[in-house]
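Secondary and tertiary structure notes
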Amino acid sequence: MCPTILPYSPNSCLRAGNGRFSSENCRGKLPIRAEVLTVAPKKKGQSKIHELSVQGIAHTHQRVREVVWRQTHVTNDCYRKPSFDPMFLEEAYELCRKICAEYAKTFYLGTKLMTAERQKAIWAIYGKCRRTDELVDGPNADYMNNTALDRWEERLEDIFNCRPYDLLDSALTDTISNFPLDIKPFKDMIEGMRMDTRKSRYANFQELYMYCYCVAGTVGLMSVPIMGIAPESPVSAQTVYNSALHLGIGNQLTNILRDVGEDALRGRVYLPQDELAQYGICAEDVFSRKVTDQWREFMKEQIRRAKFYFNLAEEGASHLNKASRWPVWSSLILYRKILDAIEENDYDNLTKRAYVGRAKKLVTLPVSYVKALSLPSLAIQ
């Protein structure tokens, strides 16, 4: 395995004996620093930005249909159950828990209301997604290329074939044996990392939507089998999956808007070039980091689009299993507050980083908890 794609554990921590996995000398610092889509009908007065938002969905229609079908119709009964030493497995999940607790504090707190089995599975998925993201954003990002990502994808296939490389991989291997997870969203996430290595501009929203799907929408598809759908929910599984996907899209669009200034310093512009042009803005204007009236008007539309996806995400959030709703609602509310912070900064996300302070984060917890207690609505069919 190429060392450049293993910034977290340069040496394997797994040792096999008698067909069982155990760990040795793996303690220490966290290994991180480094189904069908439905289209909402057009409402009166809906802006052109929103029209583009809806059109962008078509790009992932078929692949999401396949993932949803497999995760809702195919069981994991035929999956080869890994034979892990219980203490080793406990250590693997504990490492995943620590990573989630450190890097996704609000979301982590929400997971504490889940059942123990669901908690561990979500932590395992988060650990894998975090590592994948760090490949292009972490300390070894300069060494990333297609060959390295190919090897990372081979390692993913090994995880699904019960051949984990290290502790974190082992936690995901065990999770796959307990929940009907499909490999496609994980592969699509790696494809998103490939996009980061080969392009720094997006011609239009359709291109940007595909990127957002790969790096964030996929997380929603991975999470639904773990979180579960409420038995009393009157809606189809596809509706819940759609909402999970939309939450991922909304979150990633918000990340992009929050990080515009930082990305510009790295020569990246994750904004639709054609829409920038509509407001008389080009990439060089972004690099100059000057906030103009044109920029403010452009940002208003971009924020409107992100909120559009959050509104779609709400449609299925309360149809998840009751014990899994809190972290989802927390994410929805918290990310909306990031958008609010950009507005409060007079749309200056070029020289200022919008953030939600600790006090405001704490306020979201009881609000999201109340939302999580709400009964599934009969309004969505």
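Just so it is clear, the model here is predicted, and its values are computed rather than measured. (Residues numbered from 1 in each chain as written. Predicted model: local features only at pLDDT ≥ 70, side-chain atom pairs only at ≥ 80, totals over all residues. Heavy atoms only, no water.)

**Points about the overall build of the protein**
The number of helices and strands found in the protein is 16 helices and 4 strands. For the protein, buried positions account for 55% of its 381 residues. Accessible surface, the protein as shown: approximately 17,000 Å² in total, 51% of it carbon and sulfur. (Helix = DSSP H or I, 4+ residues; strand = E, 2+ residues; numbered from the N terminus. Buried < 20%, exposed > 50% of the residue type's maximum accessible area, 1.4 Å probe, protein only. Areas by Shrake-Rupley, 256 points an atom, 1.4 Å probe, with all protein chains shown as cover.)

**Comments concerning the pattern of salt bridges**
All chains considered together, the criterion is met by 30 salt bridges. The salt bridge involving Asp 182 is made with Arg 70; its shortest N-O contact spans 2.9 Å. Taken together, the residues span a long stretch of sequence, with Asp 182 in the loop between helix H7 (167-178) and helix H8 (184-198) and Arg 70 in helix H2 (residues 61-73) at a distance of 112 residues. Given the relative accessible area of 11%, Asp 182 is considered buried. As a salt-bridge pair, Arg 325 and Glu 232 come within 3.7 Å of each other at their nearest N and O atoms. In this pair, Arg 325 is assigned in helix H15 (residues 325-344) and Glu 232 in the loop between helix H9 (205-227) and helix H10 (237-258), connecting sequence segments 93 residues apart. Residue class for Glu 232 comes out partly exposed when judged on its relative accessible area of 46%. Beyond isolated ion pairs, a larger network of salt bridges with shared partners links Asp 150, Glu 153, Glu 157, Lys 187, Glu 191, Arg 194 and Arg 198. (Salt bridge = Lys/Arg side-chain N within 4 Å of Asp/Glu carboxyl O.)

**A word on the side chain of Asp 348**
The residue Asp 348 is located in the loop between H15 and helix H16 (358-372) in this model. Nearest to the buried, unbridged Asp 348 among oppositely charged side chains is Lys 352, at 4.6 Å. For Asp 348, the side chain forms a polar contact with the side chain of Thr 351, separated by 2.5 Å. Residues contacting Asp 348, with those up to four places away along its chain left out, are Val 291 and Ile 342. (Lys, Arg positive; Asp, Glu negative; His and termini not counted. Polar contact = N/O pair within 3.5 Å; in protein donor to acceptor, adjacent residues only side chain to side chain. Contact = heavy atoms within 4.5 Å.)

**As for the packing of H8 against H9**
One can describe the packing of H8 onto H9 by two numbers: an axis separation of 8 Å at closest approach and a directional angle of 155°. Relative to H9, the element H8 lies roughly antiparallel. Once H8 is placed against H9, the crossing between them reads as left-handed. Of the residues in H9, those in contact with Pro 185, Phe 186, Asp 188, Met 189, Glu 191, Gly 192, Met 193, Met 195 and Asp 196 of H8 are Met 210, Tyr 211, Tyr 213, Cys 214, Val 215, Thr 218, Val 219, Leu 221 and Met 222. Here the contact of H8 with H9 is composed, by residue class, of 13 nonpolar, 2 polar and 3 charged. (Axes fitted to C-alpha atoms, helices over the stretch in contact; angles between N-to-C directions. Parallel < 35°, antiparallel > 145°, perpendicular 65-115°, else oblique. Left-handed = near helix turned anticlockwise from the far one by under 90°. Nonpolar A, V, L, I, M, F, W, Y, C, P; charged D, E, K, R; others polar.)

**So, the packing of aromatic side chains**
According to the stated counting rule, one finds 13 aromatic pairs in the structure shown. On the basis of an interplanar angle of 25° and a centroid distance of 5.3 Å, the ring pair of Tyr 211 and Tyr 270 is categorised as stacked. Of the two residues, Tyr 211 is situated in helix H9 and Tyr 270 in strand E4 (residues 269-272); the sequence distance between them amounts to 59 residues. Overall, the relative accessible area of 5% leaves Tyr 211 in the buried class. The exposure class of Tyr 270 is buried, given its relative accessible area of 7%. Each ring, one from Phe 308 and one from Tyr 309, has its centre 5.4 Å from the other, and the planes form 80°; the classification is edge-to-face. Residue Tyr 309 is classed as buried on the basis of its relative accessible area of 0%. Here the aromatic residues Phe 205, Tyr 209, Phe 308 and Tyr 309 are joined through ring pairs into a cluster of three or more. (Phe/Tyr/Trp six-rings, centres within 6.5 Å; stacked < 30°, edge-to-face > 60°.)

**Re the nonpolar core**
Counting 89 residues, the largest nonpolar core has Leu 208, Tyr 213, Leu 271 and Trp 295 as its most contacted members. At 15 residues, H9 tops the list of elements feeding residues into this core. The next biggest cluster of nonpolar side chains, apart from the first, holds 19 residues, and it includes Ala 92, Tyr 93, Ile 99 and Leu 168. (Core = buried A, V, L, I, M, F, W, Y, C linked by side-chain atoms within 4.5 Å.)

**What to know about a nonpolar patch on the surface**
Among the surface-exposed residues, Leu 113, Tyr 369 and Leu 373 lie close enough to one another that they form a single nonpolar patch of about 260 Å² accessible area. Mapped onto the elements, Leu 113 comes out in the loop between helix H4 (105-111) and helix H5 (116-137). The class of Leu 113 is partly exposed, set by a relative accessible area of 40%. (Patch = residues over 30% accessible without salt bridge, like charges linked within 9 Å, V, L, I, M, F, W, Y side chains within 5 Å.)

**Details of the environment of Val 136**
Checked against the element boundaries, Val 136 lands in helix H5. In this structure Val 136 comes out as buried when scored by relative accessible area, which is 12%. Each C-alpha atom, one on Val 136 and one on Gly 192, is 9.9 Å from the other, the two residues being 56 residues apart in sequence. Residue contacts for Val 136: discarding those within four places in its chain leaves Ala 141, Met 144, Met 193, Asp 196 and Thr 197.

**As for the environment of Ser 243**
Summarising the element assignment, Ser 243 is placed in helix H10. The sequence separation of Ser 243 and Gly 217 amounts to 26 residues, and the corresponding C-alpha distance is 9.8 Å. A polar side-chain atom of Ser 243 sits 2.8 Å from the main-chain amide nitrogen of Gly 316.

**Remarks on the packing of helix H3 (residues 86-103) against H5**
Axis separation between H3 and H5 bottoms out at 8 Å; the angle between their running directions is 70°. When the interaxial angle is binned, H3 and H5 end up roughly perpendicular. You can see that H3 and H5 cross each other, and the crossing is left-handed. For the pair formed by H3 and H5, the contact residues are Tyr 93, Cys 96, Arg 97, Ile 99, Cys 100 and Tyr 103 on the first element and Lys 120, Ala 121, Trp 123, Ala 124, Tyr 126 and Arg 130 on the second. Residue classes in the contact of H3 with H5 are distributed as 9 nonpolar, no polar and 3 charged.

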